[in-house]
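# An overview of the molecular structure
What follows is the residue order along each chain.
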Amino acid sequence: MKYENLANQNEKVSFKEAVLKGLGSSKGLFVPEKIPVLNKAFYDGIESQNKAEIAFQILAPFVNNEIPTEELKKIVEETINFDIPLVNINERTQILELFHGPTLAFKDVGARFMARCLGYFSDKTKETNVLVATSGDTGSAVAQGFYGVEGVKVIIAFPKGKVSPFQEYQMTSLDNNIKTLEVEGSFDDCQTLVKQALADEELQKRLNLSTANSINVARFLPQIIYYFLAYKQLKPKLKNRKWVVSVPSGNFGNLTAGLYAKAMGLPIHQFVAGNNANDTFYHYLETGLYQPKASVETYANAMDVGAPSNFERIISLYNYEHHKIKLDIVGEVVSNQEIVKEIQQTWEKDNYALDPHAAVGKIAADRFNFKDAYVTVLGTASPTKFDSIMKKAIPNFSDAVTPTYNNHKEEIANSFDEYKRYLLDLKN
Ligand SMILES: *Cc1c(COP(=O)(O)O)cnc(C)c1O
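Residues numbered from 1 in each chain as written. Predicted model: local features only at pLDDT ≥ 70, side-chain atom pairs only at ≥ 80, totals over all residues. Heavy atoms only, no water.

## Comments concerning the overall build of the protein chain
- Secondary structure assignment for the protein chain yields 19 helices and 14 strands.
- In terms of overall dimensions, the protein chain is globule-like: its C-alpha atoms have a radius of gyration of 20 Å, near the 22 Å expected for 428 residues.
- Taken over the C-alpha atoms alone, the protein chain extends approximately 60 × 50 × 40 Å along its principal axes.
- The contacts of the protein chain with a sequence gap of at least 6 include a subset with a gap of at least 24, amounting to 76%.
- Summed over all atoms, the accessible surface of the protein chain reaches about 16700 Å², with 47% contributed by carbon and sulfur.
- The protein chain carries 47 positive and 51 negative side-chain charges, and their two centres are separated by 4 Å. (Helix = DSSP H or I, 4+ residues; strand = E, 2+ residues; numbered from the N terminus. Rg over C-alpha atoms; globule rule 2.2 N^0.38 Å. Contact = heavy atoms within 4.5 Å. Areas by Shrake-Rupley, 256 points an atom, 1.4 Å probe, with all protein chains shown as cover. Lys, Arg positive; Asp, Glu negative; His and termini not counted. Charge placed at Lys NZ, Arg CZ, Asp CG, Glu CD.)

Here you go:
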């Protein structure tokens, strides 16, 4: 299977090239040429397989034998070597807790897989520079995932003052092959810097560049796995009820992975895309028009994205047909006040601490009042990462004390020239 560039149909690359390059020419995203469908026997027998076995069968067709079976099995096993429980919070709703990895957010899954693939593929004689933009959780997951990986340097750009202290701690405390840049700007500005750098000929020539944002196929493909792990846990009681999955969304990597899972045959009836005030996708669902805008800050900060990167992947999956997208995905927009109220109510009623992002997912799904359905909300991060917001809803929320630490960040303006100079200087 080849990967094609959505901006340039003549560019078809292997899995390896897609991972190493991150982004294709003309800033185009890579997508697999076709999506494999898993056979009935796989679905029938899913309960008898363990996590790693399930994950291997999902990812193997995308990797195309470009990593030998035994090696890929090992990579997959290490990628998800933590619990991914489906927790019932009421009769209808479950939270798929994706935050039991090292940095307490789902991004560990993609970051761990990508770091290992890159480690396997990279030319050991030439250092690879991985550029990342983050609204908080990607940076920490990628930093942890790549820390100490030989031949790979990671440069993380994050928006000044817009990540939580805990997130900043997780990113900036490592150093060595992990560099952090605090940018005087928004997440979208950081993402623009990264895309511009990847498209810059001089940088490409002088540095061996890649990216670990969910634009990289090795980031979003492993996220397909956990929809199947949720199914395995739900299946015994699913019977004839419908299954709805609610995805709190920012850059839409998670939702894209979910749509891939459905295309592979997983019986998901419908997706709910929960947006915070950054409602570009919601607006698209309503109008058919894609109008990216500047991001605004919210309590669900990992979703403060005004120009979602994976939008292109979603529309290409549906052949650019708006009405087909609307059959599979419904959307909602959720305010800060509603987030706080939901966290409070779920705590009081169900004795469960939703983090601000999962709260968006739950509110969005509840608005539809799906009949005869189970609703799975992705629990994208641990509430302990968002202490100050949790305390607005649950005054005695036991703290995740942010430790004192060495902060290794450097500051730059929102300027491509400054960013480029920094990258070129790293080489010396
Ligand atoms: C990154 C992130 C999201 C958004 O995920 P996308 O795949 O970018 O849509 C939601 N919640 C948390 C906690 C995150 O870290």
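## As for the site of the ligand
- Taken together, 15 residues sit near the ligand, with Lys107, Asp137, Gly250, Phe252 and Thr380 positioned nearest.
- Note that an oxygen atom of the ligand is positioned 2.5 Å from one of the side-chain N or O atoms of lysine 107.
- Here asparagine 254 contributes a backbone N or O atom positioned 2.8 Å from an oxygen atom of the ligand.
- Calculation on the ligand without its partners gives an accessible area of 380 Å², and the protein chains cover 97% of this total.
- Residues that form the shell around the ligand fall into these classes: six nonpolar, seven polar and two charged. (Near = heavy atom within 4 Å. Polar contact = N/O pair within 3.5 Å; in protein donor to acceptor, adjacent residues only side chain to side chain. Nonpolar A, V, L, I, M, F, W, Y, C, P; charged D, E, K, R; others polar.)

## Focus: the nonpolar core
- Ranked by size, the top nonpolar core spans 92 residues in total, and within it Phe15, Phe146, Tyr227 and Phe228 carry the most contacts.
- When residues in this core are grouped by element, the largest group, 10 residues, is from helix 11 (residues 224-238).
- If we ignore the near neighbours within four places in the chain, the residues touching phenylalanine 228 are Leu38, Phe42, Tyr43, Ile46, Ile54, Ile58, Ala261, Met264 and Leu266.
- Judged by nonpolar contacts, the second largest core, of 29 residues, contains Ile89, Ala353, Val360 and Ala393. (Core = buried A, V, L, I, M, F, W, Y, C linked by side-chain atoms within 4.5 Å. Buried < 20%, exposed > 50% of the residue type's maximum accessible area, 1.4 Å probe, protein only.)

## A few points about the packing of aromatic side chains
- For the structure on display, the rule yields 18 aromatic pairs.
- With 5.4 Å between their ring centres and 70° between their planes, tyrosine 120 and phenylalanine 121 make a pair best called edge-to-face.
- Taking the relative accessible area as the measure of exposure, tyrosine 120 reaches 32% and is therefore partly exposed.
- Judged by relative accessible area, phenylalanine 121 falls into the buried class, the value being 8%.
- Each residue in the set Phe42, Tyr43, Phe228, Tyr231 and Trp243 is aromatic and connected to the rest through ring pairs, giving one cluster.
- Lying across the ring of phenylalanine 56, lysine 73 places its NZ or CZ 5.2 Å from the centre.
- In this structure, arginine 241 packs its charged tip against the face of tyrosine 374, placed 3.9 Å from the ring centre. (Phe/Tyr/Trp six-rings, centres within 6.5 Å; stacked < 30°, edge-to-face > 60°. Lys NZ or Arg CZ within 6 Å of the ring centre and 35° of its normal.)

## Quick look at the pattern of salt bridges
- Under the counting rule described, the total for this entry stands at 24 salt bridges.
- Note that glutamate 33 and lysine 12 form a salt bridge whose closest N and O atoms lie 3.6 Å from each other. Residue glutamate 33 is located in the loop between strand 3 (30-32) and helix 2 (40-44), and its partner lysine 12 is located in strand 2 (residues 8-13); the two are separated by 21 residues in the primary sequence.
- We classify lysine 12 as partly exposed; its relative accessible area is 40%.
- Among the salt bridges present, the one from aspartate 366 reaches lysine 362, with a minimum N-O distance of 2.8 Å. Residue aspartate 366 and its partner lysine 362 are both found in helix 17 (residues 356-368); the two are separated by four residues, about one turn of the helix.
- A residue is classified by how much of its surface remains accessible, and lysine 362, at 6% relative accessible area, is buried.
- One network of salt bridges, in which partners are shared, links Arg92, Glu342, Lys362 and Asp366. (Salt bridge = Lys/Arg side-chain N within 4 Å of Asp/Glu carboxyl O.)

## A closer look at the pairing of strand 2
- Strand direction decides the pairing type here: strand 1 (residues 3-5) and strand 2, joined by three bridges, are antiparallel. Residue pairing across strands places asparagine 5 opposite asparagine 8, the latter belonging to strand 2.
- Counted between consecutive antiparallel strands, the loop separating strand 1 from strand 2 contains two residues. (Pairing = 2+ DSSP bridges.)

## Notes on the sheet that holds strand 8 (residues 178-184)
- Read across the open sheet, the five strands follow the order 9-6-7-8-14; overall the sheet is parallel. With partners counted over all chains shown, the strands left at the sheet margins are strand 9 (208-211) and strand 14 (410-413), one partner each. Adjacent strand axes in the sheet meet at a mean angle of 30° when their direction is disregarded.
- Pairing geometry for strand 6 (residues 128-133) and strand 9, over four bridges, is parallel. Looking across to strand 9, one finds that valine 130 is bridged to serine 210. (Axes fitted to C-alpha atoms, helices over the stretch in contact; angles between N-to-C directions.)

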